[in-house]
Amino acid sequence: MIYKDVLIIGGGPSGLCAAAMLLESNLEVMIVDRGLSLGGQLIKQTHKFFGSKDQYAKTRGFDIASILINQVKDHPKLKILQEATVLGLYKDKVATISHENEYKKIKAKTIIVATGASEKFLAFENNDLPGIYGAGAVQTLMNQFGVKPQDDIVMIGSGNIGLIVSYQLMQAGVHVKAVIEASSKIGGYKVHASKLRRLGVPIYTNKTIKRAIGKERVEAAEIISLDEHFKEIENSSEIIKTSGICISVGLAPSYQMLDMVDAKIGYIPELGGSVPLVDEKHMTTIDGIFSCGDNIGIEEASSAMMEGYLTGLYVSKYLEQKHPNYDELVKKYENALTVLRSGPFGVKTSKGLNRMRELMNDAR
Ligand SMILES: Cc1cc2nc3c(=O)[nH]c(=O)nc-3n(C[C@H](O)[C@H](O)[C@H](O)COP(=O)(O)OP(=O)(O)OC[C@H]3O[C@@H](n4cnc5c(N)ncnc54)[C@H](O)[C@@H]3O)c2cc1C
């Protein structure tokens, strides 16, 4: 058994930022991540980020990952386990890990679950044909391993991820035939949509995929139009020839590990679906087990970082080894989160967080 003050499960932006605060509080920390490299989603993101200077605006995602990794990696009180998957989590704060063909056990005084999110998928005929991908898989193939997934793609979903990945596909030489959106409005930022349109990619709203066509692999997609109740409009079907279909219809928090310890899970659509309930200090309903980042609500890397810093600070206080600049930093990062959530895209998150507080009060 390995003993630590804090075990952080997930070394994405939220886990790395939590680690930075805990190390500055002189605590013994272990980060366990199943990826080939730390950085979470950031290592696949080749585009420059928006936002403010404090959250590395105008810096590419993978460069932000390097900055966050470098700020902690050589600290003598940090142990990093990469390509290590946490398989089980137990209420006595023990985690079981598969690492280098060994089964390891870690016991910590507190645990931070920062496992991010997984992709949502769509139910349609033949959705298991080769040539159908999630947007995350496409990003991993192209941006992490340098593999061009297909010669052409129909993108389903026009949120920021769908739009950004479409652009990245074009940069990799893939013909993006169309972006298909079920609702009446494009989901992502106008700047990303305009960039695609300027490059000749049509973005169709009020449409969805009904079926993938092909015997051994995708050869075409059947696209249908939808009415205002999301019902199929008769005789609206059209066939788009394509060798690939990419599904980008949102992310769902990876709450399952917290389900294992019987932490209370609530259904909050504004935060991405089922989420572990946390209090104002990001502690779940299990004493000493915290969570942050996409795991407690789908937002962006900017907010995941701020939540990570805050969670690290809150945990330092919980362990009675308060960060030397606790009050000043808590104020700074809480203000930053408020600013990030104050724009039009923050309305949904704020509604979700209010619901989180209500459900948490009921659970207490
Ligand atoms: C295409 C795309 C574009 C984006 N663009 C932007 C943007 O422009 N600006 C912005 O601010 N945000 C952007 N985001 C969102 C941002 O990347 C995420 O919000 C952010 O990465 C969430 O951070 P996280 O630390 O919560 O989770 P993640 O980054 O998902 O990290 C979770 C980590 O947990 C690890 N893990 C999971 N399960 C286990 C387990 N069982 N055992 C061990 N390790 C585990 C994973 O390997 C991963 O490293 C984008 C996302 C995508 C997909």
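Quantities reported herein were computed from a predicted structural model and do not represent experimental measurements.

Caption draft 1: Main features of the pattern of salt bridges. In total, this model carries 13 salt bridges according to the counting rule given. Here Glu28 and Lys4 are joined by a salt bridge, their closest N and O atoms 3.9 Å apart. With Glu28 in the loop between helix H1 (13-24) and strand S2 (29-32) and Lys4 in strand S1 (residues 2-9), this residue pair connects regions lying 24 residues apart in the sequence. A salt bridge links Glu299 to Arg341; its shortest N-O distance comes to 2.8 Å. Remark: Arg341 occurs in the loop between helix H8 (326-340) and helix H9 (346-363) and Glu299 occurs in the loop between strand S19 (289-291) and helix H7 (301-318); sequence separation between them is 42 residues.

Caption draft 2: Geometry of unusual backbone geometry. Within the chain, Phe230 stands out as a residue other than glycine whose phi angle is a positive 65°. Mapped onto the fold, Phe230 is located in the loop between strand S13 (220-225) and strand S14 (238-241). Unusually for a residue other than glycine, His282 sits at a positive phi of about 65°.

Caption draft 3: Summary view of the sheet that holds strand S15 (residues 245-247). Across the sheet, five strands lie side by side as S8-S15-S9-S10-S11; this open sheet has parallel pairing. Every other strand in the sheet has two partners, leaving strand S8 (132-134) and strand S11 (203-204) as the edge strands with one partner each. Strand direction decides the pairing type here: strand S10 (residues 175-180) and S11, joined by two bridges, are parallel. Paired with Ile180 across the strands is Tyr204, a residue of S11. Helix H4 (residues 160-171) rests against strand S9 (152-156), S10 and S11 of the sheet, and its axis sits at about 175° to S9.

Caption draft 4: Layout of the side chain of Arg341. According to the relative accessible area criterion, Arg341 is buried, its value standing at 15%. A distance of 2.7 Å separates a polar atom in the side chain of Arg341 from a polar atom in the side chain of Glu307. Here Arg341 is in contact with Glu299, Glu307, Gly346, Val347, Thr349, Ser350 and Leu353, once residues within four sequence places are set aside.

What counts, and where the lines are drawn
Residues numbered from 1 in each chain as written. Predicted model: local features only at pLDDT ≥ 70, side-chain atom pairs only at ≥ 80, totals over all residues. Heavy atoms only, no water. Salt bridge = Lys/Arg side-chain N within 4 Å of Asp/Glu carboxyl O. Helix = DSSP H or I, 4+ residues; strand = E, 2+ residues; numbered from the N terminus. Pairing = 2+ DSSP bridges. Contact = heavy atoms within 4.5 Å. Axes fitted to C-alpha atoms, helices over the stretch in contact; angles between N-to-C directions. Buried < 20%, exposed > 50% of the residue type's maximum accessible area, 1.4 Å probe, protein only. Polar contact = N/O pair within 3.5 Å; in protein donor to acceptor, adjacent residues only side chain to side chain.

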